[in-house]
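Residues per chain, in single letters:
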Amino acid sequence: MGNADYLYPSTNEYRQCAHPVAVPPPQPFFKSFKNSLKETFFPDDPLRQFKNKTPSRKFFLGLQYFLPILEWGPRYTFQFLKSDLISGITIASLAIPQGISYAKLANLPPILGLYSSFIPPLIYAMMGSSRDLAVGTVAVASLLIGSMLGDEVNATENPTLYLHLAFTATFFAGLLQASLGLLRVGFIVDFLSHATIVGFMGGAATVVILQQLKGILGLQHFTQSTDIISVLRSVFSQIHEWRWESGVLGAVFLFFLLLSRYFSKRRPKFFWISAMAPLTTVILGSLLVYLTHAEKHGVDVIGNLKKGLNPPSFGDFVFTSPYLTTAVKTGMITGIIALAEGIAVGRSFAMFKHYNIDGNKEMVAIGTMNIVGSCFSCYLTTGPFSRSAVNFNAGCKTAMSNVVMAIAVMFTLLFLTPLFHYTPLVVLSAIIISAMLGLIDYEAAIHLWKVDKFDFVVCMGAYTGVVFASVEVGLVIAVYIYENTNEMNLFPSSKQQNSVIILWCKMQVAISVLRLLLFVARPRTFVLGNLRNSTIYRSVEQYPTTNDVPGILILQIDAPIYFANSSYLRERISRWIDEEEDKLKSTGETSLQYVIFNMSAVGNIDTSGISMLEEVKKITDRRGLKLVLANPGAEVMKKLNKSKFIETIGKEWIYLTVGEAVEACNYKLHTCKPDTTNEDSQPWNNV
């Protein structure tokens, strides 16, 4: 009984029928090193377009890479101009009051908000790859600048030095942003996970809202700290100085702004009502103050704004100690935050319109516009969500809408700035509060709790750190875990030797951490092939004798999918698909129909990873391909189920093994007519 009658194969027979584990064939050092560099820094293979091109064509393609306007400009039509003209004027009506408000938030002269909405959008229109991003100042970066520079220099007591430090910090922020793009190390931004950004933005919005109580209540003296305890203490310790006139005016305008935004959300066709509401409040507030002389009854106004375009400021940079360190630190932190926000917003709207943007190219564009802007009296700018959403809803077609907005701001600077003299500060506070309420994304936090409890903890850590400590502390809590060790006195007789040893140890730790980050941020992905006379699928690099499966591309992801590598994997998977389609076209074989992911090595996935799979699903759908999953683990399946991704892809496209997935795809490939629908046929592609 049992196994008694079963004849086990001998060792030699087993070795003959089994497939041995192969050692990958050796490769020359330089070839291996080149491939490693390419995989680490060039996952999207930007040099692919230069293959087999003449030198003159390569030069022109290089110009197009850094100046995308040369690519879409010759195809620009009058129909696009009409759409961009409407979008540009609409976002200008939002950019003018927001620019003035956010400059006040950064403790800078209000006119700088208008300056920053003129030069940077023109630079981005030439260099940016997003059609929908509307460039301008943002509340969180403004708050960071005001908080970090305010710790070193008082903006009221020494306004000139404070202003010059703001220009210097913007210069270093732009330098960092452009360098990350040129050096292809933008994956550093990916370490700001979706959960971190949700918590950080929500906390920063809460702090900004609380700080606007100064303007709403008409307080003259207010704390420079950003934590909630200090702000509330400052508010309630000055109850006797509250001004009811300012409070009533602020409450009325805030109600009007929130009502207009609510109406626009319920009726998307009337998006322009919400977009025009801030400028409307500025006009109404200014008229009310002018007619009633409210500035004499406790309502503070902006005052004089000088006419004229941006004056040069490249001679105002501060490169002397001790202020240089503060400027560099402020520039680096605000630059990373602004970069993460701008790229995230650009990618979001690009996904809606079914086109791709180059993350590294965006970094160069955003960095360049901040470098140039800092030389012409601008402070930090990026692509804010609120302004970009209005641009998107207004039907923009290209980055020309930024040019239209810049021209509108230019006319304002030349002719209309005196009209803002009577604009009450309480209106600016109401505009900021209205905008910030949209950044508190409680629905995203609830989603994080349902899908991944650890992501929720990270989110809440960032939020509480910002609200109860400071903006910088909140960011550190979310993305930086460190060990505080006592520095041992290795050489008591020589402080210089001791410092050298400590510095050397820190360098070793930094190199080790960088190496670890590269392994995490750049996981292995490879193509699988079929071993002869079997249902086993292995890497074609490790087993060169494997057979391709016609019409099917099988990819294996060899690591958990987290926020740190999700952007890289999306770009690398797109490149695998491009290369496979090119190979099939050159050989005349069956066209690609299915893309199978072997997820046996994906031990876990977070919300950023799920978003990456959703984006890949949309990419394959647009190309007329079907996405198939094979062997996802229990933890991955739980999160895919909670996030509704299983419903999106369909249960019939998830298989236990790669063999079953290939068998099913082969059956459908030979019995069903392939779906040739391609959503890429958008009007834009025919321009």
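Nothing here was measured: the structure is a model prediction, and the numbers come from that model.

Engineer: I'd love a proper account of the overall build of the protein, names of residues and values included.
Structural biologist: Across its full length, the protein holds 28 helices and six strands. In the protein, buried positions account for 50% of the 687 residues. A fraction of 81% describes how many contacts in the protein between residues 6 or more apart in sequence connect residues 24 or more apart. Total accessible area on the protein is roughly 34000 Å²; 62% of this is exposed by carbon and sulfur atoms.

Engineer: Can you tell me about helix H19 (residues 425-437), naming the residues and giving the values?
Structural biologist: With 13 residues, H19 extends 19 Å from end C-alpha to end C-alpha; this agrees with the ideal 18 Å at 1.5 Å per step. Of all 13 residues in H19, 10 are buried, a share of seventy percent or more.

Engineer: Can you tell me about the sheet that holds strand S1 (residues 525-530), naming the residues and giving the values?
Structural biologist: Here six strands make up an open sheet; going across it, the order is S2-S1-S3-S4-S5-S6 and the pairing mixed. Two strands lie at the open edges of the sheet, namely strand S2 (537-539) and strand S6 (654-655), each paired on one side alone. In this sheet, strand S3 (residues 552-557) lies alongside S1 in antiparallel orientation, the contact comprising three bridges. Bridging from a neighbouring strand, phenylalanine 526 pairs with glutamine 556 of S3. The sheet strands contacting helix H25 (residues 607-622) are strand S4 (594-598) and strand S5 (626-630), and the helix crosses S5 at an angle near 140°.

Engineer: If you had to explain the packing of aromatic side chains to someone new, which residues and values would you point to?
Structural biologist: Inspection of every chain in the model, using the stated rule, returns 14 aromatic pairs. Aromatic side chains phenylalanine 349 and phenylalanine 392 sit 5.0 Å apart centroid to centroid with 35° between the ring planes, which places their arrangement in the tilted category. Of this pair, phenylalanine 349 sits in helix H15 (residues 323-352) while phenylalanine 392 sits in helix H17 (residues 385-393); the two residues are 43 residues apart in sequence, bridging distant segments of the chain. Grouped by ring-pair contacts, the aromatic residues Phe171, Phe172, Phe317 and Phe319 constitute a single cluster. The residue whose ring lies beneath arginine 131 is tyrosine 355, and the NZ or CZ to ring-centre distance is 3.9 Å. Above the face of the tryptophan 576 ring, arginine 572 is positioned so that its terminal group lies 4.0 Å from the ring centre.

Engineer: Just give me the short version of the confidence of the model for the protein, but keep the residues and values in it.
Structural biologist: Averaged over every residue, the pLDDT of the protein is 81; residues scoring 70 or more account for 85%. Mean pLDDT in the protein bottoms out at helix H1 (residues 11-17), which sits at 43, and peaks at helix H7 (residues 119-127), which reaches 95. Considering only residues more than four positions removed or in separate chains, one finds that residues 1-19, a stretch of pLDDT under 50, has five contacts. Contacts for the low-pLDDT stretch residues 676-687, under 50 throughout, to residues beyond four places or in other chains number 21 contacts.

Engineer: Which residues make up the nonpolar core, and what values do they have?
Structural biologist: Ile100, Leu108, Leu112, Tyr379 and Met436 are the most contacted members of the largest nonpolar core, which has 100 residues in total. Ranked by residue count, the leading element in this core is helix H9 (residues 159-182), at 10 residues. Excluding residues within four positions of it along the chain, isoleucine 100 makes contact with Pro110, Gly113, Leu114, Ile302, Leu305, Phe420 and Leu428. Among the nonpolar cores identified, the runner-up in size contains 49 residues, and Ile557, Tyr568, Trp576 and Val658 belong to it.

Engineer: Would you mind going over the environment of serine 116 in detail, with residue names and values included?
Structural biologist: Mapped onto the elements, serine 116 comes out in the loop between helix H6 (111-115) and H7. Spatially, the C-alpha atoms of serine 116 and alanine 103 are 9.3 Å apart, while their sequence positions differ by 13 residues. For serine 116, the contacting residues outside a window of four places in its chain are Pro121, Thr137, Cys378, Tyr379 and Thr381. At 3.0 Å, the side chain of serine 116 forms a polar contact with the backbone nitrogen of tyrosine 379.

Engineer: Please provide a residue-by-residue account of the packing of helix H10 (residues 194-211) against H19, values included.
Structural biologist: At a minimum axis distance of 9 Å, the contact between H10 and H19 shows a crossing angle of 160°. If you check the angle between H10 and H19, you find them roughly antiparallel. Here H10 and H19 pass one another in a crossing that is left-handed. Together, Ala205, Val208 and Ile209 of H10 and Ile432, Ile433, Met436 and Leu437 of H19 make up the contact between the two elements. For the contact of H10 with H19, the class distribution of residues is seven nonpolar, no polar and no charged.

Conventions and cut-offs
- Residues numbered from 1 in each chain as written.
- Predicted model: local features only at pLDDT ≥ 70, side-chain atom pairs only at ≥ 80, totals over all residues.
- Heavy atoms only, no water.
- Helix = DSSP H or I, 4+ residues; strand = E, 2+ residues; numbered from the N terminus.
- Buried < 20%, exposed > 50% of the residue type's maximum accessible area, 1.4 Å probe, protein only.
- Contact = heavy atoms within 4.5 Å.
- Areas by Shrake-Rupley, 256 points an atom, 1.4 Å probe, with all protein chains shown as cover.
- Expected span 1.5 Å × (residues − 1).
- Pairing = 2+ DSSP bridges.
- Axes fitted to C-alpha atoms, helices over the stretch in contact; angles between N-to-C directions.
- Phe/Tyr/Trp six-rings, centres within 6.5 Å; stacked < 30°, edge-to-face > 60°.
- Lys NZ or Arg CZ within 6 Å of the ring centre and 35° of its normal.
- pLDDT = per-residue confidence, 0-100.
- Core = buried A, V, L, I, M, F, W, Y, C linked by side-chain atoms within 4.5 Å.
- Polar contact = N/O pair within 3.5 Å; in protein donor to acceptor, adjacent residues only side chain to side chain.
- Parallel < 35°, antiparallel > 145°, perpendicular 65-115°, else oblique.
- Left-handed = near helix turned anticlockwise from the far one by under 90°.
- Nonpolar A, V, L, I, M, F, W, Y, C, P; charged D, E, K, R; others polar.

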